[in-house]
Amino acid sequence: MPSHTDVPLAPLTSLRLGGPARSLVVCESAADLVEAVRARPCALVLGGGSNVVLPDEGLDEVVLVRNRGVSGLELQAGEDWDEVVRLSLEQGYVGLEALSGIPGTVGASPIQNIGAYGAELASCILSVRAFDRESGAEVVLPAAACGFAYRHSVFKASPGRWVVLSVQLALSQGRLSAPVRYAELADCLGVALGDRAPAADVREAVLALRRRKGMVLDPSDADSVSAGSFFTNPLVPMAPAGAPSWPDPSGLVKVSAAWLIENSGFGKGWGEGPIGLSSKHTLALVNRGGGTTAELLAVARAVRDGVQSTFGITLVNEPVIVGGEL
Ligand SMILES: Cc1cc2nc3c(=O)[nH]c(=O)nc-3n(C[C@H](O)[C@H](O)[C@H](O)COP(=O)(O)OP(=O)(O)OC[C@H]3O[C@@H](n4cnc5c(N)ncnc54)[C@H](O)[C@@H]3O)c2cc1C
């Protein structure tokens, strides 16, 4: 399998941040992926780089997930997520439409149980085939064993342990989408919350909404040089007055992190340096060019601390900060 030395990592990430990899190996099959991680127990496993913050000093070892292939509803980890969504709709499957436009690979999709517009991967997945670096065994985990929760899973809970090789989806054939569970999307489609719409229309509406917020990777949109939402929506016993919130199965309420940030004095476009808030969405930190990871973390801490002192709520980062923390 192709292996390289001193490879700049920034171009392999959506934030365009991070130093070089002293050694990088590209894996184009699941067997290569297993072999590569067996030989490199500490290597970072990197997919599309759209949910990572890499250190300025770089990394010793990186394993790049590039195994492609689709067999029925089993998808190799290196497949592009949005391409899979597009193809599934083209083939008459429904269920993934609201997850359109999320950057990155299939292999990373279960790590944080990707979600958007009222939908989550957890409801469309049958099982995950993974290599367990702790036991050295390949396992198939049924969805119920994956510990899926809001932006969380067993994979995220044990960083570095699991290497996702492929994902088996559970989708049904049809024309109509899953029930629309997000008010902004329902408005856009002209349907009531809980109603269904043609799945192809849902995909188009989601892509249009995401574009408006800088939430699809687009070389012509400087606001998409981000890791998507930088903070998760916090779960709290009671939402601050006026804050958009959603009930959570835990009995707590999920509060809009974007609202908390905006109402702590950080508006869209905030920040004067190379790193700041997106001009389209307060929840995204963007690299306007020439920024560093150290600067990004400083801006993230300023936002987190501002929200903490205004509302007493501590925001938690969504992207994985490799080799560090907020
Ligand atoms: C503009 C933009 C919009 C976004 N919108 C959303 C959104 O709406 N909803 C959402 O949930 N996310 C969103 N994200 C975040 C991101 O798209 C997802 O988290 C995506 O699943 C990351 O995929 P990736 O291949 O780029 O992962 P990477 O960034 O490469 O990796 C992320 C983490 O997963 C690990 N990983 C990657 N591949 C594997 C593998 N095969 N096995 C084990 N571990 C692995 C990495 O080590 C790392 O810890 C957005 C990001 C951007 C830039």
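This is a predicted model, so every value here is computed, not measured.

Caption draft 1: Quick look at the overall build of the protein chain. Tallying secondary structure elements over the protein chain gives seven helices and 21 strands in all. A globule of 326 residues ought to have a C-alpha radius of gyration of about 20 Å, and the protein chain, at 19 Å, matches this closely. Based on the C-alpha atoms only, the size of the protein chain along its principal axes is roughly 55 × 50 × 40 Å. Buried residues in the protein chain amount to 44% of all 326 residues. Once local pairs closer than 6 in sequence are excluded, the contacts in the protein chain between residues at least 24 apart make up 59%.

Caption draft 2: Representation of the domain arrangement of the protein chain within the structure. Under the domain assignment, the protein chain is made up of domain 1 (3–65), domain 2 (70–173) and domain 3 (222–321). Between the C-alpha centres of domain 1 and domain 3 the distance comes to 27 Å. On the domain 3 side, the residues contacting the twelve residues of domain 1 number 13 residues. Residue composition of the side of domain 1 that touches domain 3, by class: six nonpolar, four polar and two charged.

Caption draft 3: Representation of the nonpolar core in the model. Membership of the largest hydrophobic core comes to 90 residues, with the highest contact counts inside it found for Leu-33, Val-62, Val-63, Leu-99, Val-163, Val-164 and Leu-285. With near-sequence residues (within four places) excluded, Val-163 lies in contact with Leu-33, Val-37, Val-45, Ala-130, Phe-131 and Arg-133.

Caption draft 4: Main features of helix α2 (residues 81–90). Listing the buried residues of α2 in full gives Trp-81, Val-84, Val-85, Ser-88 and Leu-89. Take α2 and look down its axis: the buried residues cluster within an arc of 130°, on one side only. The elements touched by buried residues of α2 are β7 (74–76), β8 (93–94) and α5 (199–212). Gly-92 sits one or two positions beyond α2 and adopts a positive phi of about 90°.

Caption draft 5: Layout of the site of the ligand. In the region of the ligand, 34 residues are neighbours, and Gly-47, Gly-48, Gly-104, Gly-107 and Gly-228 sit closest. At the level of secondary structure, the elements contributing two or more residues to the shell around the ligand comprise β3 (44–46), β9 (115–116), β13 (162–169) and β15 (226–229). The residue makeup of the shell around the ligand, split by class, is 19 nonpolar, 15 polar and no charged.

Caption draft 6: Focus on α5. Here α5 spans 20 Å end to end across 14 residues, near enough to the 20 Å set by a 1.5 Å rise per residue. The set of residues buried in α5 consists of Ala-199, Val-202, Arg-203, Ala-205, Val-206, Leu-209 and Arg-210. On its buried face, α5 is in contact with α2, β8 and α4 (183–189). Just downstream of α5, Gly-214 is the residue with a positive phi angle, here 70°.

Caption draft 7: Summary view of the pairing of β13. The buried fraction of β13 is high, at seven of eight residues. Of the pairings in the sheet, the one linking β7 to β13 comprises three bridges and is antiparallel in character. Across the sheet, residue Leu-75 finds its bridge partner in β13, namely Val-167. Pairing of strand β11 (residues 125–132) with β13 involves seven bridges; the strand directions are antiparallel. Residue pairing in the sheet places Phe-131 in a bridge with Val-163 of β13.

Caption draft 8: Layout of the sheet that holds β15. Read from one edge of the open sheet, three strands run β15-β20-β19, paired in antiparallel fashion. The open sheet has two edge strands with one neighbour each: β15 and β19 (275–277). Put simply, the sheet's adjacent strands are angled 20° from each other on average, direction ignored. Pairing geometry for β15 and strand β20 (residues 284–287), over two bridges, is antiparallel. Among the inter-strand pairings, Ser-229 is bridged to a residue of β20, identified as Ala-284.

Caption draft 9: The arrangement of unusual backbone geometry in detail. The phi dihedral of Asp-6 falls on the positive side, at around 50°, and the residue is not glycine. Looking at the element boundaries, Asp-6 is found in strand β1 (residues 3–8). Since 11 C-beta atoms lie within 10 Å of it, Asp-6 is described here as exposed. Phi is positive for Arg-151, close to 50°, though the residue is something other than glycine. The class of Arg-151 is partly exposed, set by 18 C-beta atoms lying within 10 Å.

Caption draft 10: Here's a closer look at the environment of Ser-250. Considering the arrangement of structural elements, one finds Ser-250 in the loop between β17 (245–247) and β18 (253–255). Between the C-alpha atom of Ser-250 and that of Val-63, which follows or precedes it by 187 residues, the distance is 36 Å.

Calculation rules
- Residues numbered from 1 in each chain as written.
- Predicted model: local features only at pLDDT ≥ 70, side-chain atom pairs only at ≥ 80, totals over all residues.
- Helix = DSSP H or I, 4+ residues; strand = E, 2+ residues; numbered from the N terminus.
- Rg over C-alpha atoms; globule rule 2.2 N^0.38 Å.
- Buried ≥ 20, exposed ≤ 12 C-beta atoms within 10 Å, placed from the backbone.
- Contact = placed C-beta atoms within 7 Å.
- Domains from an automatic or database assignment.
- Nonpolar A, V, L, I, M, F, W, Y, C, P; charged D, E, K, R; others polar.
- Core = buried A, V, L, I, M, F, W, Y, C linked by C-beta atoms within 7 Å.
- Arc of directions from axis to C-beta.
- Near = placed C-beta within 6 Å.
- Expected span 1.5 Å × (residues − 1).
- Pairing = 2+ DSSP bridges.
- Axes fitted to C-alpha atoms, helices over the stretch in contact; angles between N-to-C directions.

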